[in-house]
Each structure stands twice: as C-alpha cells, then as structure tokens.
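Geometric and topological summary
The primary structure of each chain is shown beneath.
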Amino acid sequence: QVQLVESGGGSVQAGGSLELSCAASGNTYSINKIACMGWFRQAPGKEREGLATIYTGGGSTYYADSVKGRFTIFQGNAKNTVYLQMNSLAPEDTAMYYCATGDVWSLVIRSPNACDYTYWGHGTQVTVSS
C-alpha cells in the first residue's frame, strides 16, 4: 500500500511558475516496487490528462505535447519523491494536479502512459489568472 501527498499548488499570474512535489509513503515492499511516477491534471468539465512520467530505474521521461518545453518532471534524492516544475503558466493550465505511481514501466509506449499507474494522490489545486 502506497500513500501519495501532493503539495506546492496555489494561485499565480500568467507567465509565472510553480513547483509541485509529491511524497510517497507506505510499507517498504510497496515503496520498493515503484517503477515509475507521473503527474496528471483535471479541470472542471474536462477529462484527466497525463502530463509527464519518469522511470525511476533509469530516469527516462515523457511529456504530453501540451506541456512539453514548459514542465519538467524529476525525482528527488529520496527516491520516494517526485516533482513537477511548471514554467510559463497560462490560464488553461488551471486544474487539479495529481501525482501517481506504478509498478510496471512499458519499454514500447513512449508517452506519459508508459507507466501503469496503481496509486494516486488526492491532488493540489493550481490556478493561473490572466
């Protein structure tokens, strides 16, 4: 069992930046099984969108086209942490942001869906004003 807690959300002006963090906790067996971590977002009336994923074993990353070049996913020195640096934020980035972890990493799916997600956090709100 893994529990995920996101933090770092808030309100910013268009063009601003935020860094989201996610910490995973749980029993050692479950934590050691984590193969990949990712970030998602969902705005009211819209479907959940996968933004970025990282393979914890090798560091490979994939991004959605909507955030490529603006957002960066990276793992902390503590391997149970993952971050999302968000730059050049725009009002359309306003959403609830979620982190997730999975135990299976695909070698052929080269997108945020490369991670087979199992555990999800409860989200942190990001609001970007124009």
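Heads up: the structure comes first, above all this text.
First, a word on scope: everything that follows refers to the structure included in this document.

Parameters and conventions
- Residues numbered from 1 in each chain as written.
- Predicted model: local features only at pLDDT ≥ 70, side-chain atom pairs only at ≥ 80, totals over all residues.
- Heavy atoms only, no water.
- Disulfide = S-S within 2.5 Å.
- Helix = DSSP H or I, 4+ residues; strand = E, 2+ residues; numbered from the N terminus.
- Phe/Tyr/Trp six-rings, centres within 6.5 Å; stacked < 30°, edge-to-face > 60°.
- Buried < 20%, exposed > 50% of the residue type's maximum accessible area, 1.4 Å probe, protein only.
- Pairing = 2+ DSSP bridges.
- Axes fitted to C-alpha atoms, helices over the stretch in contact; angles between N-to-C directions.
- Core = buried A, V, L, I, M, F, W, Y, C linked by side-chain atoms within 4.5 Å.
- Contact = heavy atoms within 4.5 Å.

A few words on the state of the cysteines. Overall, the coordinates contain two disulfides when judged by the stated rule. There is a disulfide in this structure between C22 and C99, and the S-S distance comes to 2.0 Å. Its torsion about the S-S bond being 55°, the disulfide of C22 and C99 is classed as right-handed. Of this pair, C22 sits in strand 3 (residues 18-26) while C99 sits in strand 9 (residues 95-105), and the two are 77 residues apart along the sequence.

The final tally for this structure, using the stated rule, is six aromatic pairs. Relative to Y117, the ring of F40 has its centre 4.8 Å away and its plane inclined at 80°; by these criteria the two rings are edge-to-face. In this pair, F40 is assigned in strand 4 (residues 36-42) and Y117 in strand 10 (residues 115-120), connecting sequence segments 77 residues apart. Across the pair, exposure class does not vary: F40 and Y117 are buried alike. Measuring from centroid to centroid gives 5.3 Å for Y55 and W105, while their planes differ by 20°, and the two rings are stacked. Placement of the pair is Y55 in strand 5 (residues 49-55) and W105 in strand 9, with a sequence separation of 50 residues.

The strand order 1-3-8-7 describes an open sheet built from four strands, whose pairing is antiparallel. The open sheet terminates on both sides in strands that have one partner only, identified here as strand 1 (2-7) and strand 7 (71-75). Along the sheet, successive strands turn relative to each other by an average axial angle of 15°, direction set aside. Pairing between strand 1 and strand 3: six bridges, direction antiparallel. Paired with E6 across the two strands is C22, which belongs to strand 3.

With 29 residues, the main nonpolar core has W39, F71, I73, L84, M86 and Y97 as its most contacted residues. Secondary-structure elements contributing two or more residues to this core are strand 1, strand 3, strand 4, strand 5, strand 7, strand 8 (81-86), strand 9 and strand 11 (124-129). At four residues, strand 3 tops the list of elements feeding residues into this core. The contacts of Y97, once residues within four sequence positions are left out, are E6, L20, F40, R41, L51, F71, L84, M86, G123, T124 and V126. The next biggest cluster of nonpolar side chains, apart from the first, holds eight residues, and it includes C36, F40, A114 and C115.

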